[in-house]
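Structural description and commentary
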Amino acid sequence: MTDAKTQIDETVKANDVVLYMKGTKDAPQCGFSSRVAGVLNFMGVEFADVNVLADEAIRNGIKEYSDWPTIPQLYVKGEFVGGCDIITEMTLSGELDTLFEENNVTYSKDAAEKIREANA
Amino acid sequence: MGRKMNKTDEIRAKLAGAFNPRALEVLNESHQHQGHAGDDGSGESHFRVRLEDPVFADMSRVARHRAVHAALGADLMAQIHALALEISG
């Protein structure tokens with residue numbers, strides 16, 4: 001593995017939930033990154049954010065690591081979950097709740113229900 | 001003859017060739033993102049695809065997206081800033 005991929009591998013294994021995104025969770029710089037970070041923030045999920053705009057090697061490396069061409073990318077317990085469309089769909093279907101429960105990730109079920117009510 | 005296809009047509013042609021879609025819709029949504037991050041001024045930066053094919057029925061969400069990415073090819077994917085996918089089996 002390249003240095004960048006080794007670094008990514010360590011990051012996704014050291015943190016239960018990691019979001020590779022453009023910008024940071026407090027200052028996203030792309031609408032798609034903003035949407036996923038916003039869902040996680042709203043659901044009270046503790047997650048590590050990695051700003052790919054700050055490191056070109058990570059920005060390219062993450063696409064090869066997951067064989068996925070776009071940012072954002074969400075990882076739970078070292079496994080790639082998906083990008084913006086997939087996280088949005090999983091939030092609305094309740095699959096994201098299940099994924100968090102199966103992996104012992106703390107989140108607010110009430111907040112998740114609020115998102116679903118708002119999008120019903 | 002030899003006229004360059006626009007990206008909407010190119011995406012549609014590649015997906016129609018790779019799958020047997022029951023429904024296929026390609027929307028250029030670039031105008032909705034004018035002046036935002038990723039707007040390269042080409043008017044061909046943001047797309048939405050609605051694709052229905054029974055082949056997707058037993059595939060995971062990630063596998064569905066990967067199949068579409070592969071059908072479009074790395075060159076075309078690299079030219080698009082954003083591709084929203086609504087895929088059903």
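Details of the structure are given in the entry above.
My aim in this report is to walk through the structure given alongside it, one point at a time. (Residues numbered from 1 in each chain as written. Chains lettered and ligands numbered in written order. Predicted model: local features only at pLDDT ≥ 70, side-chain atom pairs only at ≥ 80, totals over all residues. Heavy atoms only, no water.)

A look at the pattern of salt bridges
The full count for this structure, using the stated rule, is 17 salt bridges over all chains. In this structure, Glu101(A) engages Lys109(A) in a salt bridge whose closest nitrogen and oxygen atoms are separated by 3.6 Å. Judged by relative accessible area, which is 38%, Lys109(A) ranks as partly exposed. Across the pair Arg48(B) and Glu86(B) runs a salt bridge whose closest N-O atoms are separated by 2.7 Å. Here Arg48(B), found in strand β2 (residues 46-52), pairs with Glu86(B), found in strand β3 (residues 82-88); they are 38 residues apart in sequence, far enough to count as distant. Judged by relative accessible area, Arg48(B) falls into the partly exposed class, the value being 21%. Judged by relative accessible area, which is 32%, Glu86(B) ranks as partly exposed. Salt bridges here are not isolated pairs; linked through shared partners, they connect Asp97(A), Glu101(A), Lys109(A), Glu113(A) and Arg116(A). (Salt bridge = Lys/Arg side-chain N within 4 Å of Asp/Glu carboxyl O. Buried < 20%, exposed > 50% of the residue type's maximum accessible area, 1.4 Å probe, protein only. Helix = DSSP H or I, 4+ residues; strand = E, 2+ residues; numbered from the N terminus.)

Thoughts on the interface of chain A and chain B
Between chain A and chain B, the residue contacts involve 16 residues of the former and 14 residues of the latter. Note on chain A versus chain B: buried area summed over both sides is about 1200 Å², and carbon and sulfur give 58% of it. Between chain A and chain B we count three salt bridges in total. Across the pair Glu95(A) and Arg61(B) runs a salt bridge, and its minimum N-O distance is 2.3 Å. Across the contact surface, chain A and chain B share five residue pairs in polar contact (both at pLDDT 80 or more). (Contact = heavy atoms within 4.5 Å. Buried area = accessible area lost by both parts, 1.4 Å probe. Polar contact = N/O pair within 3.5 Å; in protein donor to acceptor, adjacent residues only side chain to side chain.)

Quick word on the sheet that holds strand β4 (residues 79-82) of chain A
Residues and elements named next belong to chain A. The strand order across the open sheet formed by four strands is β2-β1-β3-β4, and the pairing between neighbours is mixed. Each end of this open sheet is capped by a strand with a single partner; those strands are β2 (48-51) and β4. Mean inter-strand twist for the sheet, computed between neighbouring axes without regard to direction, equals 25°. Examined bridge by bridge, strand β3 (residues 73-76) and β4 share three bridges and lie antiparallel to one another. Among the inter-strand pairings, Leu74 is bridged to a residue of β4, identified as Gly82. Where helix α1 (residues 3-14) meets the sheet, its contacts fall on β1 (17-21), β2 and β3, and the angle it forms with β1 comes to roughly 140°. (Pairing = 2+ DSSP bridges. Axes fitted to C-alpha atoms, helices over the stretch in contact; angles between N-to-C directions.)

What about unusual backbone geometry?
All names here are of chain A. The omega torsion across Ile71 and Pro72 is 10°, close enough to zero to call that bond cis. Along the chain, Pro72 falls in the loop between α3 (56-66) and β3. Unlike most non-glycine residues, Asp67 shows phi in positive territory, near 55°. Tracing the backbone through its elements, the reader meets Asp67 in the loop between α3 and β3. With a phi angle near 55°, Asn104 is a residue other than glycine that sits in the positive phi range. Positionally, Asn104 belongs in the loop between α5 (95-102) and α6 (109-118). On the accessibility criterion, Asn104 (65% relative accessible area) is exposed.

Concerning the side chain of Asp97(A)
All names here are of chain A. Take Asp97: it is sitting in helix α5. With relative accessibility at 1%, the residue Asp97 sits in the buried group. If sequence neighbours within four positions are ignored, Asp97 has contacts with Met43, Tyr107, Lys109, Ala112 and Arg116.

A look at the environment of Thr91(A)
Residue and element names in this part refer to chain A. As for its position among the elements, Thr91 is in helix α4 (residues 84-93). Overall, Thr91 belongs to the buried group, its relative accessible area being 1%. For the pair formed by Thr91 and Pro72, sequence separation is 19 residues and the distance between their alpha carbons is 15 Å.

Looking at the sheet that holds strand β1 (residues 23-28) of chain B
Residue and element names in this part refer to chain B. Strand order in the open sheet formed by three strands is β1-β2-β3, with mixed pairing between adjacent strands. In this open sheet, the two edge strands, each paired with only one partner strand, are β1 and β3. Along the sheet, successive strands turn relative to each other by an average axial angle of 10°, direction set aside. Where β2 lies against β3, seven bridges are found, and the strand directions are parallel. When the sheet's bridge partners are listed, Glu52 is paired in β3 with Ser88. Running at roughly 125° to β3, helix α2 (residues 61-72) makes contact with β2 and β3 of the sheet.

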